[in-house]
Amino acid sequence: MNSKNTWTFTLVVVGVVFILNLFAQNIFIRFDLTENERYSISDVTRNILADIDEPITVKVFYSENFPRQLISVKQYVLDMLNEYRAYAGSSLEYEFIAITGEDQALEQEAMSYGIQPVQANITESDEIKVQRIYLGIVFLYGDQKEVIPFAQQIEQLEYDMTGAIKKLSQGSLPKVGWLTGHGEAGLGDEGVARSMGEIQKNYELVEIALSSEELIPLDINTVILAGATESFNTQDLYKLDQYLLRGGRLGVFLNTKIIDMQNQFMPVQENSSNIFSFLEHFGVRYGRQLLLDKNCYQVQAMQNLGFLQIPVAVDYPFAPRISNLDQEHPIVNRLNELGFFFVNELMSTGDTSQIKFSALMQTSDMTGYAMPDPRTRSINISAAQQVPDYLYREGAKIISAVIEGEYDSWFGDARPDTISYPEPHLVNSVTPTALVTVGNATFTNQQFMVPASLTFFLNAVDWLHDQHGLISIRSKNIQPSQLEEMTSGKRQTLKWIDILLAPMLITLMGFIRWFIRNKSKTLAGG
């Protein structure tokens, strides 16, 4: 090829690359082969970005001297925003603002948005030092703002970012009701503060005392009933009945036993609330016995060691380790494991032609019933006790289910004369509804939370409110993939394959090379 042709070819290649770059600026393509598409935004996010009617500005405040151990988090934020802008177009703009220790004005600006530095232990040159780090994100939409104070959990980042954009573009948070007045915890109770705080990131939680309301407000389509221990009067049951018939959706988290850890003589008492008989009309029966599961979590128990008592970790059958989950349902399909303290069995009731009862999770095959002491009639829930194996003989039990369908009123064809209600009496469902039920109420309380139970709670609320909404984003990367257990025989087989495979391949390649060279010599000699 002569010099002229070389230059012509070079110019053609440069021109083609230049044109391709121009096109690539308006085209976003990513091939994500990770499990759950970890590095790609979901269809839900794309739809929300497409619906933005006014521009949203995103500011990312980060430390200029960002530690190398966390540089991947900063890069992940940048990649996510690039992808968001690719789908939102001119409706979303972002800027990265570097904060140095010398620029007090930028630090004040970040703090004015609610972004605070985080103290982190950083290892550099074999030394551990404490460093103040900024990596906060603020979303601005007119005179409104949403803030992610520190973008630490990349698994949660899309959910937090999309949730912030959705809240800004909608203008107001959707409402979720929290029933009180029958022994349930109030929204201000310390035990449920963490659960409530997480829900309030995306919903306006409204405390509803049925005795003080004419009806469950019409602008609320999702209500949570958690931990009721007292009976409902007829008026309150009627309000709940009519709410379900109009299509309201209900999360029901209850125990048929009342657990009082401070009561040394009767720590387990009967929950005599009439809500259980009411719920049987709507498709679910709560078992009256506490379940034991040999596959369980451990708790700390005190054991005697001579004159001393020391805490040791022991199996606690009253806290089942749940891995038998419905892999088809979005509430639990991306969770690997759940756990609850003190659970009851759930069973299907009602007309199966109108009601669909779907089990969300079950205990292990080694499940049994907690038996009361024949003398005291009390159930021993002490962690120090030994549970005999013969009790684990009942097989797997359903402890959570989704019930969907249409119902008839619990009150029949007419409203009782003693009940006042501002709306016409509904005899049948106006629209199908759904209930998410769990044979447990303690998991909403910080004292009894176990891994992933909070995620399950938030997933349940999301699904009840909007079956195809943000739930698909939150449950995208809940837990790392678990290695499958192998039999000892399989492990030995793989071990010898690892030991022998490389030498055998090298020997085979040497033999092939010797054969080819020998063949070549034979042909040359011939």
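Right above here is the structure, for reference.
Just so it is clear, the structure is predicted and the values come from calculations on it, not from any experiment.

1. Section: the packing of helix α3 (residues 71-88) against helix α5 (residues 154-170)
Point 1. Where α3 contacts α5, the two axes come as close as 11 Å, and the packing angle between them is 40°. Put simply, α3 runs oblique to α5. Taken as a pair, α3 and α5 cross one another with a handedness that is right-handed. Contact with α3, carried on its side by Val73, Tyr76, Val77, Met80, Leu81 and Tyr84, involves Ile154, Leu157, Glu158, Met161, Thr162 and Ile165 of α5 and no other residues of that element.

2. Side note on the packing of helix α2 (residues 43-50) against α5
Point 1. At a minimum axis separation of 10 Å, α2 and α5 run at an interaxial angle of 25°. Classified by the angle their axes make, α2 and α5 are roughly parallel. α5 is crossed by α2, and the crossing has left-handed handedness. Contacts between α2 and α5 involve Thr45, Ile48 and Leu49 on the former and, on the latter, Glu158, Thr162, Ile165 and Lys166.

3. Observations regarding the sheet that holds strand β1 (residues 56-63)
Backbone-to-backbone hydrogen bonds join strands into a sheet, with any given pair of strands oriented parallel or antiparallel.
Point 1. With respect to topology, four strands assemble into an open sheet ordered β2-β1-β5-β6, the strand pairing being mixed. For this open sheet the edge positions go to β2 (92-99) and β6 (144-148), each flanked by a neighbour on one side alone. Averaged over all adjacent pairs, the angle separating strand axes in this sheet is 20°, with direction ignored.
Point 2. Here helix α4 (residues 104-112) sits on the sheet in contact with β1, β2 and β6, set at roughly 130° to β2.

4. Points about a nonpolar patch on the surface
Point 1. Residues Leu494, Ile497, Leu501, Leu505, Leu508, Phe511, Ile512, Trp514, Phe515 and Ile516 make up a contiguous nonpolar surface patch of roughly 960 Å² in combined accessible area.
Point 2. Residue position: Leu508 is located in helix α11 (residues 488-525).
Point 3. For Leu508, a relative accessible area of 45% puts it in the partly exposed group.

5. Examining the nonpolar core
One broad trend across soluble globular proteins is that nonpolar side chains are buried collectively.
Point 1. Ranked by size, the top nonpolar core spans 40 residues in total, and within it Leu338, Phe340, Phe456 and Phe457 carry the most contacts.
Point 2. For this core, the leading source of residues is helix α9 (residues 453-465), giving eight residues.
Point 3. In contact with Phe340, not counting residues within four places along its chain, are Phe318, Ala319, Pro320, Ile322, Met361, Ile399, Val438, Asn440, Phe443, Val450 and Phe456.
Point 4. Tyr62, Val77, Leu92 and Leu135 belong to the second largest nonpolar core, which has 37 residues in total.

6. Quick notes on the sheet that holds strand β22 (residues 433-438)
Point 1. Across the sheet, eight strands lie side by side as β8-β7-β9-β10-β22-β21-β19-β16; this open sheet has mixed pairing. In the strand order of this sheet, the two ends are held by β8 (204-209) and β16 (324-325), each with one partner.
Point 2. Alignment of strand β19 (residues 355-362) against strand β21 (residues 398-405), held across seven bridges, turns out to be antiparallel. Looking at the pairing, Met361 lines up with Ser400 of β21.
Point 3. Sheet strands in contact with helix α7 (residues 234-245) are β7 (175-180), β9 (222-226), β10 (249-253) and β22, and its direction is about 130° off that of β10.

7. Quick look at the pairing of β10
Point 1. Within β10, five of the five residues are buried, which leaves it mostly tucked inside the rest of the structure.
Point 2. Across the two faces of β10 the burial is the same, with Arg249, Gly251 and Phe253 and Leu250 and Val252 all buried.
Point 3. Strand direction decides the pairing type here: β9 and β10, joined by five bridges, are parallel. Across the sheet, the residue bridging to Ala226 is Phe253, located in β10.
Point 4. A crossover connection joins β9 to the parallel β10 through α7; in handedness this β-α-β unit is right-handed.
Point 5. Across four bridges, β10 lies against β22 in parallel orientation. The residue bridging Val252 from the neighbouring strand is Thr437, located in β22.

Rules behind the numbers
- Residues numbered from 1 in each chain as written.
- Predicted model: local features only at pLDDT ≥ 70, side-chain atom pairs only at ≥ 80, totals over all residues.
- Heavy atoms only, no water.
- Axes fitted to C-alpha atoms, helices over the stretch in contact; angles between N-to-C directions.
- Helix = DSSP H or I, 4+ residues; strand = E, 2+ residues; numbered from the N terminus.
- Parallel < 35°, antiparallel > 145°, perpendicular 65-115°, else oblique.
- Left-handed = near helix turned anticlockwise from the far one by under 90°.
- Contact = heavy atoms within 4.5 Å.
- Pairing = 2+ DSSP bridges.
- Patch = residues over 30% accessible without salt bridge, like charges linked within 9 Å, V, L, I, M, F, W, Y side chains within 5 Å.
- Areas by Shrake-Rupley, 256 points an atom, 1.4 Å probe, with all protein chains shown as cover.
- Salt bridge = Lys/Arg side-chain N within 4 Å of Asp/Glu carboxyl O.
- Buried < 20%, exposed > 50% of the residue type's maximum accessible area, 1.4 Å probe, protein only.
- Core = buried A, V, L, I, M, F, W, Y, C linked by side-chain atoms within 4.5 Å.
- Right-handed = clockwise from strand over helix to strand, strands pointing away.

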